[in-house]
Amino acid sequence: MGLLDASGPKDTQALLSGMLEMELQKRDYHVERPLLNQEQLESLGHRGSAPKTRHWRSWFQCSRSCVHAFLLQHLPVLAWLPRYQVRDWLLGDLLSGLSVAIMQLPQGLAYALLAGLPPEYGLYSSFYPVFIYFIFGTSRHISVGTFAVMSVMVGNVVDSLVPEVNGIPNNVTDDKPVQIASTLSVLVGLFQVGLGLVHFGFVVTYLSEPLVRSYTTAASVHVFISQLKYVFGIEVTSRSGPLSLIYIVVEVCWKLPQCVVGTLITALVAGVALVLVKLLNEKWQRYLPLPIPGELLTLIGATGISYGIDLKNKFNVTVVGTITTGLLPPVAPKPEQFAKLVGNAFAIAVVGFAIAISLGKIFALRHGYRVDSNQELVALGLSNFIGGFFQCFPVSCSMSRSLVQESTGGNTQVAGAVSSLFILLIILKLGALFQDLPKAVLAAIIIVNLKGMLKQASDICHLWKTNRMDLLIWLVTFVATILLNLDIGLAVAIGFSLLLVVVRTQLPHYSILGQVPDTDVYRDVTEYSEAKEVPGVKVFRSSATMYFANAELYGDALKERCGVDVDHLISQKKKLLKKQEQKLKRQQKEQKSRKKASPSKGTSVSINVDTSLGDMKNHDVEGSRVKVNAGDGIQDATANDLEATKPPSVPTLKTLGLPQPDFHTLILDLGTLSFVDTVCIKNLKNIFHDFREIEVEVYIAGCHGPVIAQLEAGQFFDASITKQHVFVSVHDAVTFALQHSRPDSITSVLATKL
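Residues numbered from 1 in each chain as written. Predicted model: local features only at pLDDT ≥ 70, side-chain atom pairs only at ≥ 80, totals over all residues. Heavy atoms only, no water.

## Focus on the overall build of the protein
- Of regular secondary structure, the protein possesses 33 helices and 10 strands.
- With 754 residues in all, the protein has 45% of them scored as buried. (Helix = DSSP H or I, 4+ residues; strand = E, 2+ residues; numbered from the N terminus. Buried < 20%, exposed > 50% of the residue type's maximum accessible area, 1.4 Å probe, protein only.)

Spelled out as structure tokens, the structure:
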């Protein structure tokens, strides 16, 4: 009994909650309001002109608050450093900075090799840009420095220009490649700073996520192929331009018999060791305070083994060689090289910024702060611009290092500053210790770090199931980047992506809408089986905005979906009216000829008109009537001819014997319009004119305020098309159309339930 009593309140509560849920599901809402067209809405809502914002006025205002806001915006370090929480954040930033520096050292050496430069320049590029970004950057977690995609793009530029400059392969002299790479960095920085200052950060929105992921995947393939010569220890001709990757693969396969076995074994052992350490880090992630520095351990171990065994002389293994210690003085760029580098510099600037801002926004959303895309562009640009004077090559942010910086407790860019100081120590004192490091080990580090980007190829299966258009962008970007090289491939990818946007607006979904029973909701009749067309009313909608590229297609689809050959009907009507007019003129000519010919036939006609004053006063129509004494037959015939030749006052399709449309009203649902241009306005006017020609009235529904303003500016409204033809909703337009339908359609429309 006690058990039943205990369960009773729970059952009652469950029953009550179920009844409440059912009641909420059945609950309707009722709104009573007058039927509103645009004119009535403006009167009811007191519409006025939107206030014009003039942001440019604030540019010329100077005050203490403006200067303070300007400094905080362009020097973000002044905003967050004074509020730095030392107790909570310092330990995490120190550990994170040390972890990133441990990764930065081998990657800096390896990515310099990838860019076709001596290893120490990778260390310079891991120091100067990181410290500059610490001052100007807004992201707290991205790790700025050398990155594989940027390095391979720089390497392609160096390979293409060094033979052109001095006729000597770039592995013979280091002067020209360094000059080209540093000048390229300055030019990249100029592009990024300039675009950031004019608030051009939105340009990254044209690089969709599938495009960026596909491009980085294809770039990782370029990186992988470029490292094969170091893995096999063979000499490969430097190539650039379209199909260069294919030629390199063919040459590598052709020269495989010349492979140096010691180099291949060194690369394989280093690669296996790196993969095992990464697997251990993933498996023991919960138990390790810091990830095992596999790259640094591999670097130290390979250098020690190479020095102890003398791999260079005994097994012909290529080593890094002399590494200059200490910082180099700043060097001015070579302006005469700007013309040759400008195209590649812009491509590198866009790619570097796209990678940095995409990662920055991911971390910002995860940790609840905001990243300013324009300031990020300026910060990255200053990192490259100033770094170029200190002989750095273009940098961006590394995905792997950024993830490590976040996962090891990094909270701010203090972690980046710590890592740059550690790299400075390597540059000043410890760099020379890695002279015996085999290049095959650096190649193995690069290839193993490509794992994350190469795994992005699995996007193909995901996009096949979710979005075929994005899959098309992914495939075109990948193929173009592989075949046409990184710079041309990026241009083709962006061009194709934008072209696909235009094509998709030219191929929207057109639909005829029907009313869902007992609601004011209208949906596609082919998609909703219960949605029924309102008799006598056609409601048409396009899923895309109408503008010059698809205005003609909109009109064609409208006429097709309405089931009426409007153009043919108008043509037939004009032909019949023209024939009627010609017949009338012919009959009038015959009448005139009869009048001229009647006296010659001897017919006398005497007309006596009695217009006495009394008759006029008494309005005696009968007394004042024209009396025909002779020729009555001719006069009657002439009168009959005049009656026959008199055209109807308003010719209609029915009087002309043409078929009438089965609807009397067309409603255009323009709720999807975001803007209108002159072609759109002209097309709308043509629709009004054409359908009125076949006795169908046209109304517009669902226009937003800015669209109404643009229609006004484009002089769309006139005496024949007023704001009374524009309604706030489709249901308002349908209700008005039913109330003002033509008489012969009232019977069929009265049965419609609204």
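## So, the pairing of strand β3 (residues 510-515)
- Among the 6 residues of β3, 6 are classified as buried, and the element is accordingly described as predominantly covered.
- Neither face of β3 is left uncovered, since the one carrying Y510, I512 and G514 and the one carrying S511, L513 and Q515 both have all their residues buried.
- Pairing between β3 and strand β5 (residues 537-542): 4 bridges, direction antiparallel. From the neighbouring strand, S511 faces β5, where its bridge partner is R541. (Pairing = 2+ DSSP bridges.)

## Looking at helix α13 (residues 244-254)
- Those residues of α13 lying buried are S244, L245, I248, E251 and V252. Viewed along the axis of α13, the buried residues span an arc of 125 degrees, placing them on a single side of the element. What points out from α13, more than 90 degrees from its buried face, is the exposed set V250 and W254.
- Buried residues along α13 sit against α11 (209-226), α12 (228-232) and α24 (468-506). (Arc of directions from axis to C-beta. Contact = heavy atoms within 4.5 Å.)

## As for the packing of aromatic side chains
- Scanning all chains against the criterion turns up 19 aromatic pairs.
- Aromatic pair F191 and F346: ring centres 5.5 Å apart, planes at 80 degrees, arrangement edge-to-face. Here F191 is found in helix α10 (residues 175-197), whereas its partner F346 is found in helix α17 (residues 338-367), with 155 residues between them in sequence.
- Where F385 meets F389, the ring centres are 5.2 Å apart and the plane angle is 80 degrees; that geometry is what we call edge-to-face. In this pair, F385 and F389 are both assigned in helix α18 (residues 373-389), 4 residues apart and thus about one turn of the helix distant.
- Taking the relative accessible area as the measure of exposure, F385 reaches 24% and is therefore partly exposed.
- Overall, the relative accessible area of 25% leaves F389 in the partly exposed class.
- It is R140 that lies over the ring of Y369; its NZ or CZ is 4.5 Å from the centre. (Phe/Tyr/Trp six-rings, centres within 6.5 Å; stacked < 30°, edge-to-face > 60°. Lys NZ or Arg CZ within 6 Å of the ring centre and 35° of its normal.)

## Some words on the environment of I447
- Its place among the elements puts I447 in helix α21 (residues 439-448).
- Given the relative accessible area of 21%, I447 is considered partly exposed.
- Along the sequence, I447 and G271 sit 176 residues apart, while their C-alpha atoms lie 8.0 Å from each other.
- With near-sequence residues (within four places) excluded, I447 lies in contact with F224, Q227 and V231.

## As for α21
- Within α21, 8 of the 10 residues are buried, leaving the element largely enclosed by the surrounding structure.
- Every buried residue of α21 is listed here: A440, V441, L442, A443, A444, I445, I446 and V448.
- In this structure, the buried side of α21 is in contact with α6 (86-114), α11, α12, α14 (261-283), α15 (294-309) and α22 (451-454).

## Some details on the sheet that holds strand β4 (residues 522-524)
- Strands sit in the order β4-β3-β5-β8-β9-β10 across an open sheet of 6 strands; the sheet is mixed. The strands lining the two open edges of the sheet, one partner per strand, are β4 and β10 (726-727).

## Concerning the nonpolar core
- Residues L105, M153, L437 and L442 are the most contacted members of the largest nonpolar core, which totals 103 residues.
- No other element matches α17, which puts 15 residues into this core.
- Those residues in contact with L442, other than ones at most four positions away along the chain, are P106, L109, A110, L113, L299, V320 and L437.
- Core analysis: the next-biggest nonpolar cluster, separate from the first, contains 40 residues, V566, L670, V707 and F716 among them. (Core = buried A, V, L, I, M, F, W, Y, C linked by side-chain atoms within 4.5 Å.)

## Notes on the side chain of T735
- By the secondary structure assignment, T735 is in helix α32 (residues 730-739).
- Only 2.8 Å separates the side chain of T735 from the backbone oxygen of H731, close enough to count as a polar contact. (Polar contact = N/O pair within 3.5 Å; in protein donor to acceptor, adjacent residues only side chain to side chain.)

## Considering the state of the cysteines
- Scanning all chains against the criterion turns up 0 disulfides.
- Free cysteine: C703, not disulfide-bonded; nearest cysteine sulfur from C680 at 8.9 Å. (Disulfide = S-S within 2.5 Å.)

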